[in-house]
Amino acid sequence: MLRVVCVLAAASAAHSAGQTHVAYGLNDTVLTVSWATANGAGQSEVRYGLSPDALTSRNPGDTKNFTADLARVWYTRTAQMTMLAADTVYYYSVGDGTNGFSDVFKVTNRRASPPYRHILFGDMGAAAAFTLCTACTQHSPVCTADTCKSNTSVGLVSEVDTADMFLHVGDFAYDLGSDNGKTGDKFMENIEQIASRVPYMVSHGNHEDSPVSLAHYIERFRNQPVNSEPKQFKTMNGVGPNAMYFSWNYGMVHYVSFSTELFHLPVSIADPAVTKSTFLKWFEADLAEANLHRDVTPWVLVHGHRPLYSSADSGADETVKKALEPLFFKYGVDFSINGHQHNYERSFPTYEGKSQLNYTDPSATIYVVTGAAGSHEMHTPFEKQQPGWSAFRSNTFGYTRMTVANATHIRWQQVQTDPTDFPLADYGRVIDDLWIVQRNHGPFSPAKAPTFQSEFCAPGRCSSFDHFEPLLADIGEGMPADWPLWKKIQEYRRVKGETSWAKRMDQLLLYINGGSAAGRAEWEDGLLDEKERTAFAWIKHGAQ
């Protein structure tokens, strides 16, 4: 299992291989590379070695056509680097004898021991991928290495020399299948600068629900380490690997990826052989097996797209929560990582709404929403009071940095990468920073379950930061100055009405788009009808 440290040269127009990204294999000595080509000629192959001038190891790969886009056929390819030694630098190139090979990338095999740094985020588009680098904007879906090269000191591009993994918890490109799949192409081209250098692990999101985008997800990420049952998943492109749920280990962490969409239409009926029931059976068996090895892999992290706990306006997914929260507690899941809400929120260790108000030997799962990587669907103001289980929330764009120090200590940080209304000096600053100490890994005890419960968080016990507070200052006219923004919003909507609030939100969106009514930014997950692009549509439908 590898992490890529640097790219020796950007992909050349002379090479047909593109959109290169790597993922961990099912054992410690394997890394699987995936790339795309416009045609299917030639034998796919990865060449790798200990020197850029001596790629002496060669493994054949496979080629698969993609036919779900209209009026075009293109090809995904994968190949494995095998027999890799720990803490060893490798160089690699992918391609085939007919179309040629890519430039050479440089990778370092997985660390033999901690500390390791894992980067977590969700909900990143082709356009407005603000977390990727400072040069990414909502006005263009192109944000490649050439776009970012002027400043690689902050953002995801700054993490490639120290990160051991990127973890993207659903919602890619907005959407992978949009514009006849060309939006997906642009997204994969954008992330190549990091995903070819650091293994890029994923889970499925609701923006991959449509038949076309679901096919894109399965085929573009068919290099993931699938160990699911059943092992295959059928889309409109045919049979592919079942990447709707799978698991892998990195050192002291057991990761489980799953699709929350299996609990909802249309994905719940997309392939009758892969359902909520097959997932739950596999999931419980996987967690039971992981608990047999907590002495070696003490930390357990589960990630799926929709949150089980969230104080955003549309809240948590109660269907998923009802099914999974008891299993998390039974098997001692340390972290549940989600996206969907375009913000960041960290819970106290929590079970059934009751919390432990510290992070020393947590007695229940810690829930983290990290869906703020950036897309043209903007985040919205917090409109509800922060609940008692919520320790920290912020709706600025950013990503999460998890540093595994050892079997008992993890450092948790949230990095702000929001260029929309903040000075450049704030881009890359850490806004949340704490240590989590767990000396008692394993199933949580009902006798020691959290007991604190409060409808709302008391001042001084939690933190809440709203990006839009200075931009919505005027709505508090005539209200007490010490009221938080969420309370002012509620009062404004009560007194002025929903239509007035919708117009105010549209003014805010116009500001975000730089004064252009033709800007790309929209409100998050609010457009059930693509013709409705107003804040009123967002309010009327509610976040989906």
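Note: the structure precedes this text.
Residues numbered from 1 in each chain as written. Predicted model: local features only at pLDDT ≥ 70, side-chain atom pairs only at ≥ 80, totals over all residues. Heavy atoms only, no water.

(A) Geometry of the pattern of salt bridges. Counted by the stated rule, this structure contains 26 salt bridges. Residue Glu284 pairs with Lys330 through a salt bridge whose shortest N-O separation is 2.9 Å. Of this pair, Glu284 sits in helix α4 (residues 276-291) while Lys330 sits in helix α5 (residues 318-331), placing them 46 residues apart in sequence. By relative accessible area, which is 45% here, Lys330 ends up partly exposed. A salt bridge links Arg429 to Asp426; the shortest N-O distance between them is 4.0 Å. (Salt bridge = Lys/Arg side-chain N within 4 Å of Asp/Glu carboxyl O. Helix = DSSP H or I, 4+ residues; strand = E, 2+ residues; numbered from the N terminus. Buried < 20%, exposed > 50% of the residue type's maximum accessible area, 1.4 Å probe, protein only.)

(B) View of the state of the cysteines. Scanning all chains against the criterion turns up three disulfides. Across the disulfide from Cys457 sits Cys462; the S-S distance is 1.8 Å. The sign of the -135° torsion about the S-S bond sets the Cys457-Cys462 disulfide as left-handed. Across the pair, exposure class does not vary: Cys457 and Cys462 are buried alike. Each disulfide of the protein chain joins two cysteines, and with those cysteines numbered along the sequence the arrangement is 1-4, 2-3, 5-6. (Disulfide = S-S within 2.5 Å.)

(C) Representation of unusual backbone geometry. Looking along the chain, the bond that leaves Pro114 and enters Pro115 is cis, with omega of 5°. With an omega of 0°, the peptide bond running from Leu265 to Pro266 counts as cis. Among the structural elements, Pro266 can be located in the loop between β19 (253-258) and α4. Of note, Asp87 is a non-glycine position whose phi angle comes to about 55°, a positive value. Structurally, the position occupied by Asp87 is in the loop between β7 (74-81) and β8 (89-96). Non-glycine residue Asp179 carries a positive phi angle of around 55°. Checked against the element boundaries, Asp179 lands in the loop between β14 (172-173) and α2 (182-195).

(D) Region of interest: the packing of aromatic side chains. This model, assessed by the stated rule, comprises 32 aromatic pairs. Summarising the aromatic geometry, the rings of Phe166 and Tyr200 are spaced 6.5 Å apart at their centres and angled 50° between planes, so their arrangement reads as tilted. Residue Phe166 is found in strand β13 (residues 165-169), and its partner Tyr200 is found in strand β15 (residues 200-203); the two are separated by 34 residues along the sequence. An aromatic cluster is built from Tyr245, Phe258, Phe263, Phe279, Trp282, Phe283, Tyr309, Phe328, Tyr367 and Trp389, whose rings are joined through pairwise contacts. A cation over an aromatic ring shows up here: Arg47 above the ring of Phe101, its NZ or CZ 3.8 Å from the ring centre. Positioned over the ring face of Tyr250 is Arg110, at 4.4 Å from the centre of the ring. (Phe/Tyr/Trp six-rings, centres within 6.5 Å; stacked < 30°, edge-to-face > 60°. Lys NZ or Arg CZ within 6 Å of the ring centre and 35° of its normal.)

(E) Representation of the pairing of β19 in the model. Most of β19 is tucked away: six of the six residues are buried. Neither face of β19 is exposed, since Val253, Tyr255 and Ser257 on one face and His254, Val256 and Phe258 on the opposite face are all buried. Sheet analysis places strand β18 (residues 245-250) next to β19, joined by six bridges and oriented antiparallel. Within β19, the residue paired with Asn249 across the bridge is His254. Joining the antiparallel neighbours β18 and β19 is a turn of two residues, in which Gly251 adopts a positive phi near 55°. Note: β19 against strand β20 (residues 299-303), five bridges, orientation parallel. (Pairing = 2+ DSSP bridges.)

(F) Inspection of α5 at higher detail. Counted at 1.5 Å a residue, the expected span for α5 with its 14 residues is 20 Å, and the 20 Å between its end C-alpha atoms agrees. The sharpest bend along α5 comes to roughly 35°, located at Leu324, with the proline Pro326 sitting one to four residues further on. Contacts made by the buried residues of α5 are with β19, α4, β20, β21 (335-338), β23 (350-351) and β25 (366-370). Measuring from the backbone nitrogen of Thr319 back to the side-chain oxygen at the start of α5 gives 3.1 Å, which picks out Asp317 as the cap. (Expected span 1.5 Å × (residues − 1). Bend = angle between axes of the 7 residues up to and from the residue. Contact = heavy atoms within 4.5 Å. Polar contact = N/O pair within 3.5 Å; in protein donor to acceptor, adjacent residues only side chain to side chain.)

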